[in-house]
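# Overview (structure and organization)
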Amino acid sequence: MPFTLATWNINSVRLREPLVLKLLEEEQPDVLCLQECKSPVDKIPVENFRALGYPYLVARGQKGYNGVAVLSKIPITDVGDMDFAGLGHARHVAVKLENGVTVQNFYVPAGGDVPDREVNEKFGQKLDYLTEMRDWFHAERPEKAILVGDLNIAPREDDVWNHKQLLKIVSHTPTEVDHLAQTQDAGGWVDITRQDIPEGLLYSWWSYRARDWSGADKGRRLDHVWATPDISNAAHSSRVLRDARGWEKPSDHAPVFATFDL
DNA sequence: ATGGTTGGAATCCAA
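The structure contained in this document is the topic of the report that follows.

Rules used throughout
- One numbering rule holds for all chains: residues counted from 1, following each sequence as written.
- Whichever chain is written first is A, and whichever ligand is written first is 1; the rest continue in order.
- The predicted nature of this model means local features are confined to residues of pLDDT at least 70 and side-chain atom pairs, given and counted, to a pLDDT of 80 or more, with totals for whole chains, interfaces and linings taken over all residues.
- Hydrogens and water are ignored here; the side-chain numbers use all heavy atoms of the structure.
- Burial status follows relative accessibility: with a 1.4 Å probe on protein chains alone, a residue under 20% of its type maximum counts as buried, one over 50% as exposed, and anything between as partly exposed.
- Strands here are runs of E lasting at least two residues and helices are runs of H or I lasting at least four, both read from the DSSP assignment and numbered beginning at the N terminus.
- Pairing between two strands is assigned when DSSP locates at least 2 bridges connecting them.
- A single heavy atom is enough: if one lies within 4 Å of a molecule or strand, its residue is considered near that molecule or strand.
- What qualifies as a polar contact is a pair of N or O atoms within 3.5 Å, subject to a donor-acceptor requirement within protein and to the restriction that residues adjacent in sequence count only when both atoms come from side chains.
- Gly is placed with the polar residues, together with every amino acid not listed as nonpolar (Ala, Val, Leu, Ile, Met, Phe, Trp, Tyr, Cys and Pro) or charged (Asp, Glu, Lys and Arg).
- What makes two residues a contact is simply this: any of their non-hydrogen atoms within 4.5 Å.
- Salt bridges are defined as contacts in which a side-chain nitrogen from Lys or Arg sits within 4 Å of a carboxyl oxygen from Asp or Glu.
- Only a pair of cysteine sulfur atoms within 2.5 Å counts as a disulfide in this structure description.
- Only Phe, Tyr and Trp rings take part, Trp by its six-membered ring, and two of them pair if their centres are within 6.5 Å. Stacked means planes under 30 degrees apart, edge-to-face means over 60, and tilted covers everything else.
- Only buried residues count toward a nonpolar core, which is a set of Ala, Val, Leu, Ile, Met, Phe, Trp, Tyr and Cys residues joined through side-chain atoms within 4.5 Å.

### Looking at the pairing of strand S6 (residues 92-97)
Two faces belong to every sheet, and in a regular strand the side chains alternate between them. Within S6, 5 of the 6 residues are buried, leaving the element largely enclosed by the surrounding structure. Across 3 bridges, the pairing between strand S5 (residues 76-78) and S6 is antiparallel. Following the sheet pairing, Thr-77 is matched in S6 by Lys-96. Across 5 bridges, S6 lies against strand S7 (residues 102-107) in antiparallel orientation. Within S7, the residue paired with Val-93 across the bridge is Asn-105. In textbook terms, the turn of a hairpin is the stretch between consecutive antiparallel strands, and for S6 and S7 this stretch comprises 4 residues, one of which, Gly-100, has a positive phi near 90°.

### As for the protein's contact with DNA strand B
In the vicinity of DNA strand B, 16 residues are found, and the nearest of them are Ser-12, Leu-15, Tyr-208, Arg-209 and Lys-249. Here the atoms of DNA strand B within 4 Å of the protein split so that 67% fall in sugar or phosphate, with bases taking the remainder. At a separation of 2.5 Å, a base nitrogen of DNA strand B approaches a polar side-chain atom of Arg-209. Residue classes in the surface near DNA strand B are distributed as 5 nonpolar, 3 polar and 8 charged.

### Structural notes on the environment of Leu-24
Structurally, Leu-24 can be placed in helix H1 (residues 17-27). By relative accessible area, Leu-24 is classed as buried at 0%. C-alpha separation for the pair Leu-24 and Asp-212, spaced 188 residues apart in sequence, amounts to 27 Å. Discounting chain neighbours no more than four positions away, the residues touching Leu-24 are Pro-29, Leu-32, Phe-49, Leu-52, Tyr-54 and Leu-71.

### Regarding the pattern of salt bridges
Under the definition given, this model contains 15 salt bridges. Salt-bridge contacts for Lys-126 lead to Glu-176; the nearest nitrogen and oxygen are separated by 2.6 Å. Separated by 50 residues along the polypeptide, Lys-126 in helix H3 (residues 121-140) and Glu-176 in helix H4 (residues 174-187) bring together distant segments of the chain. For the pair formed by Lys-126 and Glu-176, the shared burial category is buried. Three or more residues joined by partner-sharing salt bridges are found here, namely Arg-156, Asp-158, Asp-159, Asp-191, Arg-194 and Arg-221.

### Some points on the state of the cysteines
Put plainly, two cysteines are in a disulfide when a covalent bond ties their sulfur atoms together. By the definition in use, this model includes 0 disulfides. Cys-37 supplies the cysteine sulfur nearest to Cys-33, a cysteine that is in no disulfide, at a spacing of 10 Å. Take Cys-37: its relative accessible area is 1%, and that puts it in the buried class.

### Concerning the packing of aromatic side chains
With the rule as written, the count across this model stands at 10 aromatic pairs. Both rings, one in Phe-84 and one in Tyr-129, keep their centres 5.4 Å apart while their planes meet at 90°; by these two values the pair is edge-to-face. You can see Phe-84 sitting in the loop between S5 and S6 and its partner Tyr-129 sitting in helix H3, a full 45 residues away along the chain. Side by side, Phe-84 and Tyr-129 carry an identical accessibility label, which is buried.

### Here we look at the nonpolar core
Residues Phe-3, Val-70, Leu-97, Ile-146, Ile-192, Val-225 and Phe-260 are the most contacted members of the largest nonpolar core, which totals 30 residues. Those elements giving two or more residues to this core turn out to be strand S1 (2-9), strand S2 (31-35), strand S4 (68-72), S6, S7, strand S8 (145-150), strand S12 (223-227) and strand S14 (256-261). With sequence-adjacent residues up to four places away left out, Phe-3 is seen in contact with Asp-30, Val-31, Ile-74, Leu-97, Ile-146, Ala-258, Thr-259, Phe-260 and Leu-262. Leu-24, Phe-49, Tyr-54 and Leu-71 belong to the second-largest nonpolar core, a separate cluster that totals 22 residues.

In structure tokens, the structure reads:
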């Protein structure tokens with residue numbers, strides 16, 4: 001049975017409810033993982049999602065910031081959340097599908113502007129968050145699992161529009177890339193998107209500040225789909241729905257899709 | 001080297 005999953009930093013699920021509905025209607029993923037919902041869980045607009053055939057929601061939320069949600073056509077169970085780096089933020093939730101697959105949905109801290117933990121506390125928190133993720137995966141040894149989300153790091157040279165120019169820009173510094181690699185290794189995670197699309201520039205985020213985001217195309221691949229080898233060994237395919245970045249009142253992130261033959 | 005945009009809550013912070 002093919003199983004399609006999408007991950008999307010929505011940048012306010014209440015403001016962009018119409019965009020979520022458009023995506024569900026047009027693309028029909030089985031499971032949609034959202035980040036930056038910026039809403040308490042009880043204020044997420046579930047009615048219209050339900051009407052479109054997505055009756056299941058598992059989420060963590062807080063007022064104004066952060067927030068993660070899993071919307072599903074198929075039954076999912078809430079299997080908890082983690083609060084890495086002691087931030088008290090709603091940045092993670094995990095669900096289990098009926099076939100035994102676990103889906104981990106993450107929103108890693110952005111890390112502020114200056115890539116130095118001595119002068120920018122947020123950068124330190126981002127690194128600590130990744131280190132605690134690493135330690136958790138080292139202890140838990142995930143199996144039959146998929147990890148998605150806005151990891152706020154573009155690890156490869158071809159995950160950014162200009163590698164050299166971004167080496168000191170938060171999201172592409174060698175320190176962050178190293179922390180992300182350690183987190184990935186600790187869980188034995190396979191980068192599904194890059195296994196499916198191994199060559200060429202690939203982005204999932206374009207700044208709102210660009211005059212012409214598509215023409216300039218100064219993007220970064222911040223949104224990821226990983227899986228454990230028992231899942232990645234099955235056939236799979238991936239794509240980034242770049243079009244969604246051009247929708248009316250868009251999120252600055254595009255959804256990333258993966259389909260697995262499970 | 002700088003400023004550019006957006007969302008949410010409160011007149012600024014985070015991204």
